Amino acid sequence: NVDIIDNGVDGFLAASEGEWMDRLSLLVENGDLRNEMGRKAREKVELKYSLAVATPEFVRVLKRI
């Protein structure tokens, strides 16, 4: 998802099947990269998309209804 992933930082975006296979191969072959991207992705989800972060916004929206 281009709105969530920072390409090459916390995930990969691929425009073709070939790019998809290249990125998957890179992650399979490079455990350090896989671990670092996974760590950064988890950190982003916890900071921006977790239940703890989303709940106050959800409650705010419900109060406006």
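Residues numbered from 1 in each chain as written. Predicted model: local features only at pLDDT ≥ 70, side-chain atom pairs only at ≥ 80, totals over all residues. Heavy atoms only, no water.

A few words now on a nonpolar patch on the surface. On the surface, a cluster of nonpolar side chains totalling about 440 Å² of accessible area is made up of Phe 58, Val 61, Leu 62 and Ile 65. Judged by relative accessible area, which is 81%, Ile 65 ranks as exposed. (Patch = residues over 30% accessible without salt bridge, like charges linked within 9 Å, V, L, I, M, F, W, Y side chains within 5 Å. Areas by Shrake-Rupley, 256 points an atom, 1.4 Å probe, with all protein chains shown as cover. Salt bridge = Lys/Arg side-chain N within 4 Å of Asp/Glu carboxyl O. Buried < 20%, exposed > 50% of the residue type's maximum accessible area, 1.4 Å probe, protein only.)

Moving on, we come to the confidence of the model for the protein. Confidence along the protein averages 95 in pLDDT terms, with 100% of residues attaining 70 or more. The spread of mean pLDDT over the elements of the protein runs between helix 3 (residues 51-64), the lowest at 93, and helix 1 (residues 17-29), the highest at 98. (pLDDT = per-residue confidence, 0-100. Helix = DSSP H or I, 4+ residues; strand = E, 2+ residues; numbered from the N terminus.)

Once that is clear, we can look at the pattern of salt bridges. Under the counting rule described, the total for this entry stands at seven salt bridges. We note a salt bridge from Lys 44 to Asp 6, for which the minimum N-O separation is 3.0 Å. With Lys 44 in helix 2 (residues 31-48) and Asp 6 in the segment before helix 1, this pair connects stretches of sequence that are 38 residues apart. Classification of Lys 44 as buried rests on a relative accessible area of 14%. Residue Asp 6 is classed as partly exposed on the basis of its relative accessible area, which comes to 39%.

What follows is about the side chain of Ser 50. For Ser 50, the location among the structural elements is in the loop between helix 2 and helix 3. There is a polar contact of 3.0 Å between the side chain of Ser 50 and the backbone oxygen of Glu 46. (Polar contact = N/O pair within 3.5 Å; in protein donor to acceptor, adjacent residues only side chain to side chain.)

Within the fold, Asp 10 resides in the segment before helix 1. Judged by relative accessible area, Asp 10 falls into the buried class, the value being 11%. Within polar-contact distance, the side chain of Asp 10 engages the backbone nitrogen of Asp 6 at 2.7 Å. A polar side-chain atom of Asp 10 sits 2.6 Å from a polar atom in the side chain of Lys 44. Those residues within four positions of Asp 10 in sequence are excluded, and the remaining contacts are Ile 4, Ile 5, Met 37, Lys 40, Ala 41 and Lys 44. (Contact = heavy atoms within 4.5 Å.)

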